[in-house]
Amino acid sequence: MDEQSLDELLLGAARALRRTWSSGLGPDLSPHDARALRVIGHHGPTRLGVVADHLRIAPRSATDVVDRLESRGLVERAPDPDDRRAMTVRLTEPGLVALGEVDASRREGAAQFFGGLSARERAELATILAKLDPRSD
C-alpha cells in the first residue's frame, strides 16, 4: 500500500472535519452559507467585498450568497455610513440565532472529531498547524 502524502492526509482530515460539523447544520443551511453567516457575524456590518475575500470567492458570488441569506431573513443590507454609494450587510436577529447554532455545531463537530486524540496530541497538532498557517505570523 502506498503511503499517503502529507497534503493528501491534511486535505482528507479537513474534509472529514467539514463533514462532521456540517452534518449538524440541518437541511436549511449549506456549509457555504454557514461560512458566509460566520464571516458577516464576526466582521459585520461589513461590505460584500470583505465577505468575498474571506470566502475566497468572486464578489458576484458573494452577492448570490448574501441574496440567499437575505431572502431567508438572516441578513440585511444597509447603506455604508462612510460611503453612501456602497452597501454593508449585517445579521438580523434570526441571523444571530442561526450563527449561534452554526458556531455550536462547529464546536460539537470539532469535539467529536478531535475526541480520539489525547490532550498532548491535540496540543502538538495545534502547534504544527499554527506553524503552517501564514495568518499566525
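Treat the numbers as computed from the prediction; the structure is a model and nothing was measured. Within any chain, residue numbers begin from 1 and follow the written order of that chain's sequence. Residue-level local features of this predicted model are given only where pLDDT is at least 70; pairs of side-chain atoms are given and counted only at 80 or more, and the full residue set underlies all totals for whole chains, interfaces and linings. No hydrogens and no water enter the side-chain calculation; it runs on all heavy atoms of the structure.

### A few points about a nonpolar patch on the surface
What counts is decided by this rule: Every patch collects residues that have over 30% relative accessible area and no salt bridge, joining them within 9 Å if they carry like charges and within 5 Å if they are nonpolar side chains (Val, Leu, Ile, Met, Phe, Trp, Tyr). Accessible surface area values rest on a Shrake-Rupley calculation with a 1.4 Å probe, where residue burial reflects the displayed protein chains alone. By definition, a salt bridge exists where a carboxyl oxygen of Asp or Glu is found within 4 Å of a side-chain nitrogen of Lys or Arg. The helix count covers DSSP runs of H or I at least four residues long, the strand count covers runs of E at least two residues long, and both are numbered beginning at the N terminus. Working definition: with a 1.4 Å probe on protein chains only, accessible area under 20% of the residue-type maximum means buried, over 50% means exposed, and in between means partly exposed.
Side chains of L10, I128, L129 and L132 sit close together on the surface and give an oily, nonpolar patch of about 370 Å² of accessible area. At three residues, helix α6 (residues 119-132) tops the list of elements feeding residues into the nonpolar patch. In this structure, I128 sits in helix α6. What makes I128 partly exposed here is its relative accessible area of 47%.

### Quick notes on the sheet that holds strand β1 (residues 46-47)
The condition that has to hold: Pairing between strands requires that DSSP locate at least two bridges from one strand to the other.
Across the sheet, three strands lie side by side as β1-β3-β2; this open sheet has antiparallel pairing. Taken across any chain shown, the strands that pair with only one partner, and hence form the sheet edges, are β1 and β2 (75-80). Here β2 pairs with strand β3 (residues 83-91) via six bridges, running antiparallel. Paired with E76 across the two strands is R90, which belongs to β3.

### Some details on the pattern of salt bridges
If charged atoms from side chains of opposite charge come close, those side chains can pair. Counted according to the given criterion, the structure contains 10 salt bridges. Note that D103 is salt-bridged to R38, the shortest N-O span being 2.8 Å. With D103 in helix α5 (residues 93-114) and R38 in helix α2 (residues 31-43), this residue pair connects regions lying 65 residues apart in the sequence. Taking the relative accessible area as the measure of exposure, D103 reaches 15% and is therefore buried. Overall, the relative accessible area of 24% leaves R38 in the partly exposed class. Its salt-bridge partner being R60, residue D64 comes within 3.1 Å of it at the nearest N-O pair. With D64 and R60 both in helix α4 (residues 59-71) and four residues apart, this pair spans about one turn of that helix. Residue classification places R60 among the exposed positions, given a relative accessible area of 54%.

### A short note on the confidence of the model for the chain
Regions with low pLDDT carry predicted coordinates that are not meant to be interpreted in detail. Spelled out, the test is: The pLDDT score gives, residue by residue, the confidence of the prediction method on a 0 to 100 scale.
When the pLDDT values of the chain are averaged, the result is 88; 95% of them are 70 or greater. β2 holds the highest mean pLDDT among the elements of the chain, 94, whereas helix α1 (residues 6-22) holds the lowest, 86.

### Some details on a positive patch on the surface
Using the following cut-off: His is not counted here, nor are the chain ends, while Lys and Arg score as positive and Asp and Glu score as negative. Every charge is mapped onto a representative atom, which is NZ of Lys, CZ of Arg, CG of Asp or CD of Glu.
A cluster of basic side chains, namely R15, R18, R19, R35 and R56, defines a positive patch on the protein surface. Tallying contributions element by element places α1 first for the positive patch, with three residues.

### Looking at the layout of surface pockets
To keep it simple, the criterion reads: In the cavity and pocket records, a cavity denotes points on a 1 Å grid over the protein atoms alone where a 1.4 Å probe fits but cannot get out, a pocket denotes an open set with protein on both sides within 12 Å along at least 5 of 7 lines, and lining residues are residues with an atom within 4 Å of a point. Grid points are joined across faces, edges and corners, and a volume is the space filled by probe spheres set on the points. Each residue gets one label: Ala, Val, Leu, Ile, Met, Phe, Trp, Tyr, Cys and Pro are nonpolar, Asp, Glu, Lys and Arg are charged, and the others, such as Gly, are polar.
Taken as a whole, the largest pocket spans an internal volume of roughly 1,300 Å³. Together, 30 residues line the largest pocket, and A14, L17, R18, R106 and R135 are the ones closest to its centre. Mapped onto the lining of the largest pocket, the elements with two or more residues apiece are α1, α2, α3 (48-55), α5 and α6. Counting residues per element, the lining of the largest pocket draws most heavily on α1, which supplies eight residues. Of the residues that constitute the lining of the largest pocket, the class distribution is 18 nonpolar, three polar and nine charged. Roughly 180 Å³ of internal volume is contained in the second largest pocket. Lining the second largest pocket we find L6, D7, L9, L10, L125, I128, L129 and L132. By residue class, the composition of the lining of the second largest pocket is seven nonpolar, no polar and one charged.

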